[in-house]
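# Close look at the chain arrangement
The residues making up each chain are set out below.
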Amino acid sequence: MDAIQKFVSDIDRIKKRVRAEGSYSGEKASRMAQDLFERNNKHLGDLAHSFSEYWLDTYILTSSEMQEEPTAAHIQILAQLQAVLDGEVELTQDLTPADWKALCELTNAEAEALDIDTLNTLMSQFVEHQAL
């Protein structure tokens, strides 16, 4: 199992745990997934929070089916945000041009706090996806 598969599996376990508590809350499960994402990327500081907040605002809080969140499709989007941060661009096929543009803007806002290698890796992906 690779890191992305483990991440998705961990979110599935979060959903099961929240369901076991009784009344399922999609928002609670999604916020717990957001926290997991941020813990996995704590070395990136505020950038991890910015990416996960983008996911929550764009995909979760706008959902008409909150009791189903995070859906498998939305879990995959968060996993693809993880792949962006891991530099695994081949695993980011479902991110839209708008996603790439937003991620680029978020990265630009946090650029001074990032190490140069991480920043270069991210910027290469943004150039490749014409997000700059």
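Residues numbered from 1 in each chain as written. Predicted model: local features only at pLDDT ≥ 70, side-chain atom pairs only at ≥ 80, totals over all residues. Heavy atoms only, no water.

Take the overall build of the protein chain next. Broken down by element type, the protein chain carries six helices and zero strands. Sequence-ordered secondary structure for the protein chain, helices as α and strands as β, is α-α-α-α-α-α. Taking 14 Å as the expected radius of gyration for a compact globule of 132 residues, we find that the protein chain reaches 15 Å, a close match to that expectation. Across its three principal axes, the protein chain shows a C-alpha extent of roughly 45 × 25 × 25 Å. Of all 132 residues assigned to the protein chain, the portion counted as buried reaches 45%. Residue pairs at least 24 apart in sequence account for 58% of intrachain contacts in the protein chain once pairs closer than 6 positions are excluded. Accessible surface computed for the protein chain: about 7,000 Å², of which carbon and sulfur atoms make up 50%. Within the protein chain, the 24 negative side-chain charges are centred at a point lying 11 Å from the centre of the 11 positive side-chain charges. (Helix = DSSP H or I, 4+ residues; strand = E, 2+ residues; numbered from the N terminus. Rg over C-alpha atoms; globule rule 2.2 N^0.38 Å. Buried < 20%, exposed > 50% of the residue type's maximum accessible area, 1.4 Å probe, protein only. Contact = heavy atoms within 4.5 Å. Areas by Shrake-Rupley, 256 points an atom, 1.4 Å probe, with all protein chains shown as cover. Lys, Arg positive; Asp, Glu negative; His and termini not counted. Charge placed at Lys NZ, Arg CZ, Asp CG, Glu CD.)

As a further point, take the nonpolar core. Ranked by size, the top nonpolar core spans 40 residues in total, and within it Phe37, Phe51, Trp55, Leu78, Leu81, Leu103 and Phe126 carry the most contacts. Contributing elements (two or more residues each) for this core: helix 1 (3-20), helix 2 (26-40), helix 3 (46-60), helix 4 (72-86), helix 5 (97-110) and helix 6 (116-128). Those residues in contact with Phe126, other than ones at most four positions away along the chain, are Trp100, Leu103, Cys104, Thr107, Ala131 and Leu132. (Core = buried A, V, L, I, M, F, W, Y, C linked by side-chain atoms within 4.5 Å.)

The terminal C-alpha atoms of helix 6, which comprises 13 residues, lie 18 Å apart, in line with the 18 Å expected from a rise of 1.5 Å per residue. Among all positions of helix 6, only Thr118, Leu119, Leu122, Met123, Gln125 and Phe126 are buried. The buried residues of helix 6 occupy an angular sector of 155° when projected down its axis, which confines them to one face. Of the exposed residues in helix 6, the ones pointing more than 90 degrees away from its buried face are Ile116, Asp117, Val127 and Glu128. Those residues of helix 6 that are buried lie in contact with helix 3, helix 4 and helix 5. Looking at where helix 6 begins, the residue whose side-chain oxygen comes 3.1 Å from the main-chain nitrogen of Asp117 is Asp115. (Expected span 1.5 Å × (residues − 1). Arc of directions from axis to C-beta. Polar contact = N/O pair within 3.5 Å; in protein donor to acceptor, adjacent residues only side chain to side chain.)

Closest axis-to-axis distance for the helix 2/helix 3 pair is 9 Å, and the angle between their directions is 155°. Taken together, the axes of helix 2 and helix 3 are roughly antiparallel relative to one another. As for how helix 2 packs across helix 3, the hand of that crossing is right-handed. Within the contact between the two elements, helix 2 uses Ser30, Arg31, Ala33, Gln34, Phe37 and Glu38 and helix 3 uses Ala48, His49, Phe51, Ser52, Glu53, Trp55, Leu56 and Ile60. Residue composition of the contact of helix 2 with helix 3, grouped by class: seven nonpolar, four polar and three charged. (Axes fitted to C-alpha atoms, helices over the stretch in contact; angles between N-to-C directions. Parallel < 35°, antiparallel > 145°, perpendicular 65-115°, else oblique. Left-handed = near helix turned anticlockwise from the far one by under 90°. Nonpolar A, V, L, I, M, F, W, Y, C, P; charged D, E, K, R; others polar.)

It is worth spelling out the pattern of salt bridges at this point. A complete count under the given rule lists four salt bridges for this structure. Asp10 is the partner of Arg13 in a salt bridge, and the nearest nitrogen-oxygen pair spans 2.1 Å. Here Arg13 and its partner Asp10 are both found in helix 1, three residues apart, which amounts to about one turn of the helix. With its nearest N and O atoms 2.6 Å apart, the salt bridge here joins Lys28 to Glu21. Exposure remark for Lys28: the relative accessible area of 37% places this residue in the partly exposed category. Connected through salt bridges with shared partners, the residues Lys6, Asp10 and Arg13 form a single ionic network. (Salt bridge = Lys/Arg side-chain N within 4 Å of Asp/Glu carboxyl O.)

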